[in-house]
Amino acid sequence: FFWLALLLLNFVQAPLLGLLRYIYLILTVIVRCTFIHSSVLSEFFVNFDPGYFSFLAMTYTQSVSRNPVRCAFISMLMPQVHRRRSMEPSTVPQKEFESKPVKDAHFMTREQQLFHERRKDETAEHRRRRMRNKAWLLVTLFNNPELKQERRHELPHEIARLEFHRTCQENEKTKD
């Protein structure tokens, strides 16, 4: 009699528990579909979930621009980046930069002399803009290494650089 009771209970409970499980699964899927930070699909089929992919793209782009380490580095490098909280940079050339004598000018290469000549009347704003542009150039060249060969420099700097490399090669040959 005991086995018969268990068998009858199983036939009575099975459809009810199956229906309740089906309803529970539908509710779970409906709730999980509203969460954008997780996908209902398995890892192999995640490519077919546009909401989750959009979330990943947004997270990546926001983490690049709002990275706290990056923001702190930029704030330390350029305090005027937060214009609301800092003073406006002066447009007058700094005296200490202009009057600063070039040490050992006779030991400088032609390229270094051209560098100092070009920047002697530069304002703080120009220096900041040049550093910002160099940082963006670094990022661009890092992301696109094939562009390094396409870069051109001013003719006097190229000539000075080539002369410097030629003298270095000659010095190495005399050492050997």
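Residues numbered from 1 in each chain as written. Predicted model: local features only at pLDDT ≥ 70, side-chain atom pairs only at ≥ 80, totals over all residues. Heavy atoms only, no water.

Draft legend 1. Fine view of the overall build of the protein. Helix and strand content of the protein: seven helices and zero strands. Starting at the N terminus, the α and β elements of the protein follow one another as α-α-α-α-α-α-α. Split into buried and exposed, the 176 residues of the protein put 10% on the buried side. Restricting to contacts in the protein with at least 6 residues of sequence separation, those with at least 24 account for 36%. (Helix = DSSP H or I, 4+ residues; strand = E, 2+ residues; numbered from the N terminus. Buried < 20%, exposed > 50% of the residue type's maximum accessible area, 1.4 Å probe, protein only. Contact = heavy atoms within 4.5 Å.)

Draft legend 2. Geometry of the packing of helix α5 (residues 110–118) against helix α7 (residues 155–175). In contact at an axis separation of 8 Å, α5 and α7 are set at 150° when each is read in the N-to-C sense. In terms of orientation, α5 and α7 fall into the roughly antiparallel class. Residues Arg-110, Glu-111, Leu-114, Phe-115 and Arg-118 of α5 pack against Pro-156, His-157, Ala-160 and Arg-161 of α7. Residue classes in the contact of α5 with α7 are distributed as four nonpolar, one polar and four charged. (Axes fitted to C-alpha atoms, helices over the stretch in contact; angles between N-to-C directions. Parallel < 35°, antiparallel > 145°, perpendicular 65-115°, else oblique. Nonpolar A, V, L, I, M, F, W, Y, C, P; charged D, E, K, R; others polar.)

Draft legend 3. View of the packing of aromatic side chains. Going through the model one piece at a time under the given rule, you end up with two aromatic pairs. Measuring from ring centre to ring centre gives 5.0 Å for Phe-44 and Phe-45, while their planes differ by 85°; the resulting arrangement is edge-to-face. Residue classification places Phe-45 among the partly exposed positions, given a relative accessible area of 41%. An aromatic cluster is built from Phe-44, Phe-45 and Phe-48, whose rings are joined through pairwise contacts. (Phe/Tyr/Trp six-rings, centres within 6.5 Å; stacked < 30°, edge-to-face > 60°.)

Draft legend 4. Here's a closer look at the pattern of salt bridges. Across all of its chains, the model carries three salt bridges by this definition. Two residues, Glu-125 and Arg-128, come together in a salt bridge whose shortest N-O distance is 3.7 Å. Within this pair, Glu-125 and its partner Arg-128 are both found in helix α6 (residues 124–143), separated by three residues, close to a single helical turn. For Arg-128, a relative accessible area of 17% puts it in the buried group. For Glu-125, a relative accessible area of 25% puts it in the partly exposed group. (Salt bridge = Lys/Arg side-chain N within 4 Å of Asp/Glu carboxyl O.)

Draft legend 5. Structural view of helix α1 (residues 2–34). With 33 residues, α1 extends 47 Å from end C-alpha to end C-alpha; this agrees with the ideal 48 Å at 1.5 Å per step. A bend of about 30° at Gln-13 is the largest found in α1, and the proline Pro-15 appears one to four places after it. (Expected span 1.5 Å × (residues − 1). Bend = angle between axes of the 7 residues up to and from the residue.)

Draft legend 6. Expanded view of the confidence of the model for the protein. Averaged over all residues, the pLDDT of the protein equals 77, while 82% of them reach at least 70. Highest mean pLDDT in the protein belongs to α1 (86); lowest belongs to helix α4 (residues 95–98) (49). (pLDDT = per-residue confidence, 0-100.)

Draft legend 7. A look at a nonpolar patch on the surface. Residues Leu-16, Leu-17, Leu-19, Leu-20, Tyr-22, Ile-23, Ile-26, Leu-27 and Ile-30 make up a contiguous nonpolar surface patch of roughly 900 Å² in combined accessible area. Tracing the backbone through its elements, the reader meets Leu-27 in helix α1. (Patch = residues over 30% accessible without salt bridge, like charges linked within 9 Å, V, L, I, M, F, W, Y side chains within 5 Å. Areas by Shrake-Rupley, 256 points an atom, 1.4 Å probe, with all protein chains shown as cover.)

Draft legend 8. Highlighting the environment of Pro-50. For Pro-50, the location among the structural elements is in helix α2 (residues 50–65). When the C-alpha positions of Pro-50 and Ile-36 are compared, they lie 10.0 Å apart, and in sequence the two are 14 residues distant.

Draft legend 9. Broad picture of the side chain of Ser-39. Tracing the backbone through its elements, the reader meets Ser-39 in the loop between α1 and α2. Beyond its immediate sequence surroundings of up to four residues, Ser-39 is in contact with Arg-32, Val-46, Asp-49 and Tyr-52.

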